[in-house]
Amino acid sequence: MPSYKLTYFNGRGRAEISRLIFAAAGQKYEDIRIEREQWPALKPKTPLGQMPVLEVDGVELPQSAAIARFLAKQFHLAGKDNLEQAEVDAVIDTISDINTAWPASSSDEALKKKFLTEDLAKHLQNLETLGKLYGKGGHFFVGNQLTWADLRFYTFGQTCIEAAPDCLNNFSWLEQNRAEVEKQPKIAEYLKNRPKTSF
Amino acid sequence: MPSYKLYYFNGRGRAEVARLIFAAAGEKYEDVRYERDQWPAHKAEMPLGQMPVLEVDGVKLPQSLSIARFLAKQFHLAGKDNFEQAQVDAVVDTIYDCLTKYVPIRFETDEAKKEELTKKFLAEELPKHLQNFETLGKLYGKGGHFFVGKQLTWADLLFFDVGAIILQVDSNAFNNHAWLKQNRAEVEKQPKIAEYLKNRPQTQF
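The rules behind the values
- Residues numbered from 1 in each chain as written.
- Chains lettered and ligands numbered in written order.
- Predicted model: local features only at pLDDT ≥ 70, side-chain atom pairs only at ≥ 80, totals over all residues.
- Heavy atoms only, no water.
- Helix = DSSP H or I, 4+ residues; strand = E, 2+ residues; numbered from the N terminus.
- Rg over C-alpha atoms; globule rule 2.2 N^0.38 Å.
- Buried < 20%, exposed > 50% of the residue type's maximum accessible area, 1.4 Å probe, protein only.
- Contact = heavy atoms within 4.5 Å.
- Lys, Arg positive; Asp, Glu negative; His and termini not counted.
- Charge placed at Lys NZ, Arg CZ, Asp CG, Glu CD.
- Domains from an automatic or database assignment.
- Buried area = accessible area lost by both parts, 1.4 Å probe.
- Salt bridge = Lys/Arg side-chain N within 4 Å of Asp/Glu carboxyl O.
- Polar contact = N/O pair within 3.5 Å; in protein donor to acceptor, adjacent residues only side chain to side chain.
- Pairing = 2+ DSSP bridges.
- Right-handed = clockwise from strand over helix to strand, strands pointing away.
- UniProt positions renumbered as here; feature names shortened; annotations may be inferred.
- Nonpolar A, V, L, I, M, F, W, Y, C, P; charged D, E, K, R; others polar.
- Axes fitted to C-alpha atoms, helices over the stretch in contact; angles between N-to-C directions.
- Parallel < 35°, antiparallel > 145°, perpendicular 65-115°, else oblique.
- Core = buried A, V, L, I, M, F, W, Y, C linked by side-chain atoms within 4.5 Å.
- 1 Å grid on protein atoms, 1.4 Å probe; cavity = no way out; pocket = protein on both sides within 12 Å on 5 of 7 lines; lining within 4 Å.
- Points joined across faces, edges and corners; volume = space filled by probe spheres on them.

Asker: Residues and numbers for the overall build of chain A, please.
Answerer: Each helix and strand in chain A was counted, giving eight helices and four strands. A compact globule built from 199 residues should have a C-alpha radius of gyration of about 16 Å, and chain A, at 17 Å, falls within 12% of that. Evaluated residue by residue, chain A yields a buried proportion of 53% over its 199 residues. At a minimum sequence separation of 6, the contacts of chain A that also span at least 24 residues come to 65%. When the 25 basic and 26 acidic side-chain charges of chain A are each reduced to a single mean position, those positions are 2 Å apart.

Dropping the structure here:
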């Protein structure tokens, strides 16, 4: 039985997908949360000077997507065969592309407004397209069962809704997908009890 | 035996890592290349209106890294167990982070601005990315020349491909990174890769 230690800031951010995977799997782990002022001292001790980091039996793994995929595969939440896993990965990458396209908080307001009112809908359409392509008619992104693609969209969806509360109004499939995730008993329990943080 | 069809432009770009994986594995596939003027007619055929796309027994898969990881796993070039595969994925993501920083600069249309941004990238961004690559290679490489576990994985193939792009920008980029130079040399001399590099189409990108 491996021991797992996840280290990140005290927030959801790039670690929350992994915490949701642990929760969905009912798997114990050490959830280390570093306050901003503790980070400079810890930074040089991490492989790439970044977080999150997952420590598995003493070996450190950086990169939030690599961490999440590893955990999803450990706990059978990654897709049932290589092709399904690739379909899950394609959904993950498509969400990642949206993050890349999302203007930084330092960008000018006009750029941010354009993204939220015009571009975001096209990206969300792409996600619905994949859900309908790979979801076998069900509510989950791939193969009629919960995978980390659904958990990732759940966290990403929260970010979208906080920025633009009506962004999913024209995307009933995506809304339904998040509702399905939210009502999984272990997830519902986790969401009820997780720390409330600003990010 | 699945049938594979890879769709992309007539260039290396985001499809080359998949082609390198097919080559390293000695696996056949249909290498579909669309010229720029052919692309508009096919765009709607692709799930996200983008390429590359891999078609596996009729199922279309977008996203260059997902395609590459799928192929690497099919052909045992992804790492020998889940944890090694995660180490490979971490290297891939770290290489991709560097590429993501460079791509907007590469496509900058204002030549003066592009030159300034490139200088800044080489001086301020690239060194820490290269250091990160070496750090991971030494952390996971078990003392060998490959990024993970002493054998060739798609992390080495991706670094080979992205390394070529970096060297085009600055041919001296790896002068202080002997480990990275050696890693690319090891990839280049794998017989199936050497053969592929000798015969692949010479394209602008």
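Asker: Kindly report on the overall build of chain B, identifying the contributing residues and their values.
Answerer: Secondary structure assignment for chain B yields eight helices and four strands. In chain B, the succession of helices and strands from N to C terminus is β-α-β-α-β-β-α-α-α-α-α-α. Computed over the C-alpha atoms, the radius of gyration of chain B is 17 Å, within 12% of the 17 Å expected from 2.2 N^0.38 for a compact globule of 205 residues. Dimensions of chain B, computed from the C-alpha atoms along their principal axes, are close to 45 × 45 × 30 Å. Out of the 205 residues belonging to chain B, those deemed buried represent 55%. Considering only residue pairs separated by 6 or more positions, chain B has 65% of its internal contacts joining residues 24 or more positions apart.

Asker: Which residues make up the domain arrangement of chain B, and what values do they have?
Answerer: All names here are of chain B. Domain boundaries assigned for chain B yield domain 1 (4-76 + 193-199) and domain 2 (82-190). On a C-alpha basis, the centroid separation for the pair domain 1 and domain 2 is 21 Å. Each partner contributes to the interface: domain 1 provides 16 residues, whereas domain 2 provides 15 residues. When domain 1 packs against domain 2, the two sides together hide about 1,400 Å² of surface, and 67% of this comes from carbon and sulfur. Looking at the side of domain 1 facing domain 2, the largest losses of area belong to Leu65, Arg69 and Ile193, adding up to 34% of the total buried there. The interface formed by domain 1 and domain 2 contains one salt bridge. In this structure, the salt-bridge partner of Asp89 is Arg69, at a minimum N-O distance of 2.9 Å. At the boundary of domain 1 with domain 2, the tally comes to four residue pairs in polar contact (both at pLDDT 80 or more).

Asker: Residues and numbers for the pairing of strand E2 (residues 30-34) of chain B, please.
Answerer: Residue and element names in this part refer to chain B. Note that strand E1 (residues 4-9) and E2 share five bridges and pair parallel. Counterpart to Leu6 in the pairing with E2 is Asp31. Note that the unit made of E1, helix H1 (residues 16-25) and E2 has a crossover that is right-handed.

Asker: Could you give an account of the interface of chain B and chain A, naming the residues involved and the relevant values?
Answerer: Contacts between chain B and chain A engage 30 residues on the former and 30 residues on the latter. For the chain B face of the interface with chain A, the top three residues by lost area are Leu48, Asn82 and Phe83 of chain B, together amounting to 21%. Between the two partners, chain B and chain A, sit two salt bridges. Run the count over chain B and chain A and you get 19 residue pairs in polar contact (both at pLDDT 80 or more).

Asker: I'd like to hear about the UniProt feature "domain: GST N-terminal" (unreviewed entry) in chain A, residue by residue, with values.
Answerer: In the numbering used here, UniProt assigns the "domain: GST N-terminal" (unreviewed entry) feature to residues 2-79 of chain A. Between the C-alpha atoms that bound residues 2-79 of chain A the distance is 21 Å, and the span itself is 32% helix and 24% strand.

Asker: Outline the domain arrangement of chain A, supporting the account with residue identities and numerical values.
Answerer: All names here are of chain A. Per the domain assignment, the segments making up chain A are domain 1 (4-75 + 186-193) and domain 2 (82-183). Relative placement of domain 1 and domain 2: their C-alpha centres are 22 Å apart. Interface of domain 1 and domain 2: buried area, both sides summed, is about 1,100 Å²; carbon and sulfur atoms make up 73% of it. Summed over the shared surface of domain 1 and domain 2, the number is two salt bridges. Salt-bridge contacts for Arg12 lead to Glu162; the nearest nitrogen and oxygen are separated by 3.8 Å. Applying the counting criterion to the domain 1 and domain 2 interface returns one residue pair in polar contact (both at pLDDT 80 or more). Listed by contribution, the elements that provide at least two residues to the side of domain 1 that touches domain 2 are helix H1 (16-25), helix H3 (64-74) and helix H8 (185-193). Considered class by class, the residues forming the side of domain 1 that touches domain 2 number ten nonpolar, no polar and four charged.

Asker: Give me the packing of H1 of chain B against helix H3 (residues 64-74) of chain B: which residues, what numbers.
Answerer: Residues and elements named next belong to chain B. Interhelical geometry of H1 versus H3 gives an angle of 10 degrees and a closest axis separation of 9 Å. As far as their axial angle goes, H3 and H1 are roughly parallel. Where H1 approaches H3, its residues Val17, Ala18, Ile21 and Phe22 are matched on the opposing element by Ile67, Ala68, Leu71 and Ala72. For the contact of H1 with H3, the class distribution of residues is eight nonpolar, no polar and no charged.

Asker: An account of the nonpolar core is needed here, citing residue identities and associated values.
Answerer: Counting residues in hydrophobic clusters, the biggest one holds 131 residues, and the most contacted among them are Ile21 and Leu54 of chain A together with Ile21, Leu54, Leu71 and Trp154 of chain B. The element that contributes the greatest number of residues to this core is helix H4 (residues 82-106) of chain B, accounting for eleven residues. Among residues more than four places away in sequence, those in contact with Trp154 of chain B are Val17, Ile21, Leu65, Ala68, Arg69, Ala72, Leu77, Ala78, Val88, Asp89 and Val92 of chain B.

Asker: Please give an account of the UniProt feature "domain: GST C-terminal" (unreviewed entry) in chain A that cites residues and values.
Answerer: Feature annotation in UniProt assigns "domain: GST C-terminal" (unreviewed entry) to the following positions: residues 81-199 of chain A. Overall, residues 81-199 of chain A shows 69% helix and 0% strand. The separation of its end C-alpha atoms is 34 Å.

Asker: Let's hear about the layout of surface pockets: which residues, and what values?
Answerer: Residue and element names in this part refer to chain A. Here the second largest pocket is characterised by a volume of approximately 160 Å³. As for the second largest pocket, its lining consists of Leu116, Thr117, Leu120, Ala121, Leu124, Ala164, Asp166, Cys167, Asn170 and Phe171. Residue composition of the lining of the second largest pocket, grouped by class: seven nonpolar, two polar and one charged.

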